[in-house]
Amino acid sequence: MVFTLAPLPFALNSLAPLLSQTTLELHYGKHHQGYVDQLNRLIEGRPEAELTLEELILQSDEGPILNNAAQHWNHTFYWASMLPLPAPGVTRDPEGDLFTAINVDFGSLIALREEFRSAAAAVFGSGWVWLVRRADGKLAVTHTSNADLPLRQGQTALLCCDVWEHAYYVDYQNVRAKYVDQFWKLINWRFAEQNFGQGAKSVRSA
Ligand code: MN3
């Protein structure tokens, strides 16, 4: 199939000042678009052009097709993992079954945030930080290098943070930790809850 860049789930200027419009114009408009364009060029006229994005990711060997397909998936998931800041006084922390699972598996939301920070610091070079539901049903914070992603490891992604330098250099220069702390405020926990619910269904039916 021919892949396209979906519209962002928010306006380009709506994450500012935490993530500037300039960052989003570059990150979404140039980097993400670049992965989509490159993927389409790589698969054009080949059997891979018949596959869905997930099939490409699961069936491709290491190489450019996998890298660009995974980066397309990862970025789409990253955009969905964020929302503009809520109005003052409004909180949107995790709720329901996900909130319960966070308390069971990490101890508290604060403890999860600390693990997330540590994982971001542990990525050497470019990569991603994830909250995942593992095959055994437990939540975990993981990190992957370059384009790698939980789907390749049989895990359900709940949310992700891009820690490639292009995600934060304009706004935070080389200070990744500061970017990750601001990202934490933007997390769309409703999206994570949806993914958690879908992961629960697939675990039950497995
Ligand atoms: Mn990126």
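Residues numbered from 1 in each chain as written. Predicted model: local features only at pLDDT ≥ 70, side-chain atom pairs only at ≥ 80, totals over all residues. Heavy atoms only, no water.

1. Some points on the coordination of the manganese ion
Put simply, the rule is: Note that water is not among the atoms considered, so a metal site may appear incomplete; the donors listed are N, O and S atoms within 2.8 Å of the metal, with 3.2 Å applied to Na, K and Ca. Helical segments are the DSSP runs of H or I of at least four residues, strand segments are the runs of E of at least two, and each set is numbered from the N terminus. Per-residue accessibility, obtained with a 1.4 Å probe over protein chains only, is compared with the maximum for each type, and a residue is labelled buried under 20%, exposed over 50%, and partly exposed between these values.
Within the protein, His27 (NE2), His75 (NE2), Asp162 (OD) and His166 (NE2) serve as the donor atoms for the manganese ion, at 1.9 to 2.2 Å. Each donor residue of the manganese ion belongs to the same chain, and together they define the spacing H-x47-H-x86-D-x3-H. One end of the pair, His75, is in helix α3 (residues 64-80); the other, His166, is in the loop between β3 (156-162) and α6 (169-172), and 91 residues separate them in sequence. Across this residue pair, the class does not change: His75 and His166 are buried.

2. With respect to the pattern of salt bridges
Applicable threshold: Salt bridge, as applied in this entry: a Lys or Arg side-chain nitrogen positioned within 4 Å of an Asp or Glu carboxyl oxygen.
Under the defined criterion, the tally for this structure stands at nine salt bridges. When the shortest N-O distance is used, the salt bridge between Glu95 and Arg190 registers 3.9 Å. Taken together, the residues Glu95 in the loop between α3 and α4 (96-106) and Arg190 in helix α8 (residues 189-205) connect sequence positions 95 residues apart. In this structure, Arg117 engages Asp181 in a salt bridge whose closest nitrogen and oxygen atoms are separated by 2.7 Å. One end of the pair, Arg117, is in helix α5 (residues 109-122); the other, Asp181, is in helix α7 (residues 176-186), and 64 residues separate them in sequence. The class for Arg117 is partly exposed, based on a relative accessible area of 31%. Residue Asp181 is classed as partly exposed on the basis of its relative accessible area, which comes to 26%.

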